[in-house]
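Geometric and topological summary
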Amino acid sequence: MHGGNLRRAQELYGLDSFIDLSANINPYGPPSGVWASLQQGMPEIVHYPDPESQALRKTLSSHLYLPTERIMVGNGAGELIFTIVQALKPKKVVIPIPTFSEYERAARSVGSEISYIPLGPEGWAKFNRVAGESENENTRDEGGVDRKWREYLEGCDLLFLCSPHNPTGSVLEKDTFERILYLTKELGCRILFDESFLDFLPDELRNSTRAYLEANDHLIILYSLTKFYSLPGLRLGTVFAHESFLHLFEQYRDPWSVNVLAQHAGITALRDLKYADEVREKLTESRSYFYREFALYNFPHLRLWPTSVNFALIEVLNHTSKELIEHLGRLGILVRDCSSFAGLPGDFIRVAIKDIFVMEQLIEGLKGFYF
């Protein structure tokens, strides 16, 4: 399950407040205008929300250059995953692991057979390397890559992909994705592509699969406003797909799932055009500081798997992740226990990247771990 359970942490460690690095939420809060928009929307809570979220969908359309007919809004990515799976009822799904547990939970809720693709702590880096291990295009073993993916996709009705990948933070490269897209289309397998952490990527890596939507009617894209715009308590996610899919999904979702305050907040957040770049700049500074300090202390019991997003894996060596989690918890620092991530051999924690002051506290906490 998710991190961010502060009530449970208070009961466990007997503290009133924590530095919460267990949930991958933008630490700088929503755009400043969101607070005023919530106040303005308060009188509307006596009425039902717009079930079609028309104003929010129009704002998303303008922001992401997609027609409104290709956009459906829901109560966070989690609700939308279950809605999509309930609608499609796939007989067999394929899930790269480790990954977000809700994919498998949703698949099991409709009795799907589940097959796994092992990624390990490298995430997509392993597959990207296989797909492009030679710079000489003429010697690239695309046939071998295709054969491997055909094995994975045999009998598949729905393939879950996630990039940036949770929990490794790795990015699925364009060439690799295009091969998968081609094969799934040929084999009649649909793709649910989760881009929930896309906005955290730097400019040079931030390439959405939305560009492939028009020519690939088997592609379904999941996008979250919750994490980047710091709205986890309001819940706000979207799905991009061809109209035939969205008409089907609408039959399986609660029409009132996106409340009036979430709709107001989403519109205001998307209209703040300076906010995204400012957040990415701050997080880049914090991430660089954390990686630099981590390398400086050369922790003998820890290995950092760096990423380009707002979280990273730390492997615990010679000790258990439980020991490190409890050590940090007693200091008032919460991290994500990765023992629940299937397909992640070894002992790992995941830490969110917050502001530099918070990352300083984490470094200090790590320095006290068996030193």
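Above this text you will find the structure in question.
Okay, so let's go over this structure. Only a predicted model underlies this, so the values are computations on that prediction, with no experimental measurement involved.

Focus on the overall build of the protein
The helix and strand inventory of the protein stands at 13 helices and 12 strands. For a compact globule of 371 residues, the expected C-alpha radius of gyration is about 21 Å, and the protein comes in at 21 Å, within 12% of that figure. Along the first, second and third principal axes, the C-alpha set of the protein runs to 60 × 60 × 40 Å. Residues counted as buried form 54% of the 371 residues belonging to the protein. When the accessible area of the protein is evaluated, it comes to approximately 16800 Å², of which 50% is carbon and sulfur surface.

Quick notes on the state of the cysteines
Counted according to the given criterion, the structure contains 0 disulfides. With no disulfide of its own, Cys-162 has Cys-338 as its nearest cysteine by sulfur position, at a separation of 14 Å. Look at Cys-162 and you get buried, because its relative accessible area is 5%.

Focus on the nonpolar core
By size, the foremost hydrophobic cluster in this structure holds 84 residues, and its most contacted members are Trp-149, Leu-159 and Phe-290. Contacts of Phe-290, omitting those with residues within four sequence positions, involve Leu-304, Ile-314, Val-351, Ile-353, Met-359, Leu-362 and Ile-363.

Description of helix α2 (residues 33-41)
Burial in α2 covers these residues: Val-34, Ser-37, Leu-38 and Gly-41. All buried residues of α2 fall inside an arc of 105° around its axis, so they share one side. Residues of α2 that are exposed and point over 90 degrees away from its buried face: Trp-35, Gln-39 and Gln-40.

Describing helix α5 (residues 102-109)
For α5, the full list of buried residues reads Glu-102, Tyr-103, Ala-106 and Ala-107. On an axial view of α5, the arc spanned by its buried residues comes to 135°, and they lie on one face. At its buried positions, α5 is contacted by α4 (76-88), β3 (92-97), β4 (113-118), β5 (158-162) and β6 (190-194). Directly beyond the C-terminal end of α5, a positive phi value near 75° is found at Gly-111.

A closer look at the packing of aromatic side chains
All chains considered together, the criterion is met by 22 aromatic pairs. Ring geometry for Phe-290 against Phe-294: centres 5.9 Å apart, planes inclined by 65°, an arrangement best described as edge-to-face. Of the two residues, Phe-290 and Phe-294 are both situated in helix α11 (residues 275-297); the distance of 4 residues between them amounts to about one turn of the helix. We note Lys-282 situated over the ring of Tyr-28; from NZ or CZ to the ring centre the distance is 4.8 Å. Between Arg-303 and the ring centre of Trp-305, over which it is positioned, the NZ or CZ distance is 3.8 Å.

Here's the deal with the sheet that holds strand β12 (residues 348-352)
Strand order in the open sheet formed by 5 strands is β1-β11-β12-β10-β9, and the pairing between neighbours is mixed. What marks the edges here is a single partner per strand, and that holds for β1 (19-21) and β9 (302-305). The sheet shows a mean angle of 30° between the axes of neighbouring strands, taken without regard to direction. Pairing of β1 with strand β11 (residues 333-337), which is carried by 3 bridges, proceeds in the parallel orientation. Residue pairing across strands places Leu-21 opposite Val-335, the latter belonging to β11. Sheet strands in contact with α11 are β9, β10 (311-316) and β12, and its direction is about 150° off that of β9.

So, unusual backbone geometry
Going from Ser-163 to Pro-164, the amide bond is cis rather than trans, its omega being -5°. Turning to its location among the elements, Pro-164 is positioned in the loop between β5 and α8 (174-187). For the peptide bond that leads from Asn-166 to Pro-167, omega is 20°, which places it in the cis range. In this structure, Pro-167 sits in the loop between β5 and α8.

What counts and what doesn't
Residues numbered from 1 in each chain as written. Predicted model: local features only at pLDDT ≥ 70, side-chain atom pairs only at ≥ 80, totals over all residues. Heavy atoms only, no water. Helix = DSSP H or I, 4+ residues; strand = E, 2+ residues; numbered from the N terminus. Rg over C-alpha atoms; globule rule 2.2 N^0.38 Å. Buried < 20%, exposed > 50% of the residue type's maximum accessible area, 1.4 Å probe, protein only. Areas by Shrake-Rupley, 256 points an atom, 1.4 Å probe, with all protein chains shown as cover. Disulfide = S-S within 2.5 Å. Core = buried A, V, L, I, M, F, W, Y, C linked by side-chain atoms within 4.5 Å. Contact = heavy atoms within 4.5 Å. Arc of directions from axis to C-beta. Phe/Tyr/Trp six-rings, centres within 6.5 Å; stacked < 30°, edge-to-face > 60°. Lys NZ or Arg CZ within 6 Å of the ring centre and 35° of its normal. Pairing = 2+ DSSP bridges. Axes fitted to C-alpha atoms, helices over the stretch in contact; angles between N-to-C directions.

Everything listed here is a matter of geometry and, on its own, says nothing about what the molecule does.
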